[in-house]
Amino acid sequence: MHLIDFIVFIVFTLGVVVFGCSFFRKGSSADEFTSAGHSIPGWVVGMSIFATYVSSISYIGYPGKAFAADWNAFVFSLSIPIASYFAAKYFVPFYRHSGSVSAYTFLEEKFGAWARLYASACYLLTQIARMGSILYLLAVPMYILMGWDMHTVIILTSIGIIIYSMMGGLKAVIWADAIQGLILIGGAVLCLAILMFSMPEGPMQTFELAAQSPMGNKFSLGAFTSDLTTSTFWICLIYGIFINLQNYGIDQNYVQRYHAAKTDKDAKFSALFGGYLFIPVSALFFLIGSALYSYYEAGVAPLPADIQAKPDYVFPYFIVNGLPVGLRGLLIASIFAAGMSTVSTSVTSAATIILTDYVRPFFLKARNVADRLRHHDPHDHHKHQKLELAIVRLSSFGVGILGACVAIAMLSVESIIDAWWTLSSIFSGGMLGLFLLGCIPQKINRWAALAGCIAGVLVIGWISMASLWDLPGIHLHPYLAIVLGTTVIFLTGFLATLIIRNAGTR
C-alpha cells in the first residue's frame, strides 16, 4: 500500500472517530443520547437512512453478486418505493406522536409485555447478525490490501465505532452517516468510471461482454417463474417488500431517526429521500460488479483463481491492483464509511432498545421513579438520568463486542449477501405480522396474537431448517421465511380473534 493511500485511509477513519466524539456533551441525558434532541434537519436524517442501507454488504456484496451471477438481488431495491411511501404517509406520523423512542412500546400497549419483548429480542438478534456481516466485509479489503490479520481488523474497527457511538450518541451517528454517505457515493462513481474507460474498445464493451456472458445475461433480474425454491424475480421482490416494510415500520434504526428530525415534515422527507436515493446507488454497485466481469473477461488485467472463487473479494482486489495512488485510499475509506455508518447505527439503536424495553421496565421502573424524583428531588432525578446514560453507553459497548464476535465467526462464509439475507429473514421472526395485527382497526385478542406468533415462528423455523437438515417435505427458499412467517402470524391472529369472539357470544 502506497504511503499516500495509507495516509488518506487513516486520516479519514480517525477523522470520523474524532468527529463523532466531538458531539460528546457532559450534561447530556439518555433521552438526548437516543433521540438527538429532535434537532436534525430532514436532509441529514435522509442521508443517514441512506447510509444505513448502503453498508459494506452493498459496497462489496452487491458487486460480488453481479460479478458471479446477475442483477437478481437488485430487485430488492425496486421494492423500496412501496415501503418509503407507507413510511411517509403512515409510519412517521404514528411514531412521531407515540411518545416513546422505542418502536415496540406500541406492541406492549396492544398485546402485552410479551409482544414487546418478542419483537425487541428479534430486533437485537438481527442487528448483531448485521453488525457481524458488515464488520467481516470491512476486514476483507484490508486483508487483500495489506495482508493484515482479519481478526485484528475486525477488533480494531469495532473499538473505533464503539468509542464514537458511546460518546456522541445518535446525533454523532446521524451526522457522521451523512458525511460518510457522500464520500461512499463519490468513491463508487469514480471507480465505475475507471472500470468502464479502461476497456479496450471503450465503455460500451462493458455492457456487450456482460450481456453475452456464457453463464447468461449478467443484467438479468432473475427468472419470472413461479418456482418457490430458487431466487426468482418474484421471490426477491416479495422478500424486499416484506423486509422494507419491516425496516420502515418497526425497525428501531428507522424509528429513532423519525424522532431525531426537527419536524414532522422533515421526518417524512427523510423517509422518502433516504429510500429513493438507495435505488440508483444500489444500481451503481451492481453495475460495478458487471463492469468488473467485463474488465477481467476482456483481459485488461489478470484475476487470480483464488480471488475469482470468492466473489466478495473481487472488488477489493480491483481496488488494490487497478486504481491509481490516492484514489485507492479513498475507495478503501469509502468502504469503511459504508460499514462504520451502519454498524454505529446498529450499536446505538440496539443500546436504546436495551434501555427502553428491558432496563427501564424491569429494573428502573422509570416512569414512576422519574416522575417522583422530578417533583420531589431534582438532584436525585439528575442522578437517575446519569445512571440511564451510563447504562445505554455500557449497552453500546456490549452490543459492539457481540457484533465483533459474530464477524469473526463469519470468516468462512462464501457469499455474505446470501448469509445476511438468510439470517435477516430468520431472526426478524415475522415482527411485521405482529405490527400489522396491531395496526388494523379491529381489536385483536392478546391470546390470539400470541397463538399467531407461535405459529409464525414454527413456520419460520421449518422453512429455515428444512434445507439445512434435509427434512422431509417441501423445501422453500429461505427468503420466504419472513414472507410466510409474517402472513401466518397475521392470518392466525386475525382468525383466532374471530373464533374467540364468536365463542364468547354463544
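The structure this text deals with has already been given above.
Being a predicted model, the structure only gives us computed values, none of them experimental. (Residues numbered from 1 in each chain as written. Predicted model: local features only at pLDDT ≥ 70, side-chain atom pairs only at ≥ 80, totals over all residues. Heavy atoms only, no water.)

Visitor: Can you help me understand the overall build of the protein in this one?
Guide: Along its length, the protein carries 22 helices and zero strands. Every one of the 506 residues in the protein was classed for burial, and the buried ones make up 58%. (Helix = DSSP H or I, 4+ residues; strand = E, 2+ residues; numbered from the N terminus. Buried < 20%, exposed > 50% of the residue type's maximum accessible area, 1.4 Å probe, protein only.)

Visitor: Quick question: what am I supposed to make of the packing of aromatic side chains here?
Guide: Each pair of aromatic rings is reported with the distance of its centres and the angle of its planes. Scanning the model with the defined rule gives 27 aromatic pairs in all. Ring plane angle 10° and centroid distance 6.5 Å describe the contact between Tyr95 and Phe435, whose orientation is recorded as stacked. Taken together, the residues span a long stretch of sequence, with Tyr95 in helix 6 (residues 80-96) and Phe435 in helix 20 (residues 431-439) at a distance of 340 residues. As far as burial versus exposure is concerned, Tyr95 and Phe435 are alike and both buried. Note on Phe490 and Phe494: the rings are 6.3 Å apart at their centroids and 5° apart in plane angle, and the pair reads as stacked. Residue Phe490 and its partner Phe494 are located together in helix 22 (residues 480-504), separated by four residues, close to a single helical turn. For Phe490, a relative accessible area of 24% corresponds to the partly exposed category. Of the aromatic side chains, those joined through ring pairs into one cluster are Tyr62, Trp71, Phe74, Phe207, Phe219, Phe278 and Phe286. (Phe/Tyr/Trp six-rings, centres within 6.5 Å; stacked < 30°, edge-to-face > 60°.)

Visitor: I'm lost on the packing of helix 9 (residues 150-197) against helix 15 (residues 314-322) in this one. Help?
Guide: The angle between the axes and the distance between the axes are what describe a pair of packed helices. With their axes 12 Å apart at the nearest point, helix 9 and helix 15 run at an angle of 75° to one another. Considering their axes alone, helix 9 and helix 15 lie roughly perpendicular with respect to each other. Mapping the contact onto sequence places Cys191, Ile194 and Leu195 in helix 9 and Phe315, Phe318 and Gly322 in helix 15. Taken together, the residues that form the contact of helix 9 with helix 15 break down as five nonpolar, one polar and no charged. (Axes fitted to C-alpha atoms, helices over the stretch in contact; angles between N-to-C directions. Parallel < 35°, antiparallel > 145°, perpendicular 65-115°, else oblique. Contact = heavy atoms within 4.5 Å. Nonpolar A, V, L, I, M, F, W, Y, C, P; charged D, E, K, R; others polar.)

Visitor: Any chance you could explain the state of the cysteines here in plain terms?
Guide: Throughout this description, disulfide means a covalent bond between two cysteine sulfur atoms. Summed over all chains, the structure comprises zero disulfides. Cysteine Cys122 remains unbridged, with the sulfur of Cys453 as its closest cysteine sulfur at 7.2 Å. Look at Cys122 and you get buried, because its relative accessible area is 8%. (Disulfide = S-S within 2.5 Å.)

Visitor: How should I be thinking about a nonpolar patch on the surface in this particular structure?
Guide: A cluster of nonpolar side chains, Phe24, Ile155, Leu156, Ile159, Ile163 and Met167, forms an exposed patch at the surface whose accessible area comes to about 500 Å². Along the chain, Ile155 turns up in helix 9. (Patch = residues over 30% accessible without salt bridge, like charges linked within 9 Å, V, L, I, M, F, W, Y side chains within 5 Å. Areas by Shrake-Rupley, 256 points an atom, 1.4 Å probe, with all protein chains shown as cover. Salt bridge = Lys/Arg side-chain N within 4 Å of Asp/Glu carboxyl O.)

Visitor: Help me understand the side chain of Ser344, please; the structure alone is not making it clear to me.
Guide: By the secondary structure assignment, Ser344 is in helix 16 (residues 327-364). On the basis of relative accessibility, which here comes to 0%, the residue Ser344 falls in the buried class.

Visitor: Please clarify how the pattern of salt bridges should be interpreted in this entry.
Guide: It is possible for side chains bearing opposite charge to pair when their charged atoms get close. Scanning the model with the defined rule gives six salt bridges in all. Note that Arg116 is salt-bridged to Asp357, the shortest N-O span being 3.0 Å. Residue Arg116 is located in helix 8 (residues 113-146), and its partner Asp357 is located in helix 16; the two are separated by 241 residues in the primary sequence. The same class applies to Arg116 as to Asp357, namely buried. Glu388 is the salt-bridge partner of Arg360, the closest N and O atoms lying 2.9 Å from each other. Taken together, the residues span a long stretch of sequence, with Arg360 in helix 16 and Glu388 in helix 18 (residues 378-409) at a distance of 28 residues. Arg360 sits in the buried class, given a relative accessible area of 19%. Overall, Glu388 belongs to the buried group, its relative accessible area being 2%.

Visitor: Help me out: how do you make sense of the nonpolar core in this one?
Guide: Generally speaking, a soluble globular protein has its nonpolar side chains buried in company with each other. Of all hydrophobic cores here, the largest spans 141 residues; its most connected members are Tyr248 and Tyr258. Ala30, Ala351, Leu355 and Val359 belong to the second largest nonpolar core, which has nine residues in total. (Core = buried A, V, L, I, M, F, W, Y, C linked by side-chain atoms within 4.5 Å.)

Visitor: Please clarify how the environment of Ile354 should be interpreted in this entry.
Guide: Structurally, Ile354 can be placed in helix 16. Excluding anything up to four places from it in sequence, Ile354 contacts Leu124, Val359, Ser395 and Val399.

Visitor: Just checking my understanding: could you explain a positive patch on the surface for this structure?
Guide: On the surface, Lys110, Lys443, Arg446 and Arg501 cluster together into a positively charged patch. In this structure, Arg501 sits in helix 22. (Lys, Arg positive; Asp, Glu negative; His and termini not counted. Charge placed at Lys NZ, Arg CZ, Asp CG, Glu CD.)

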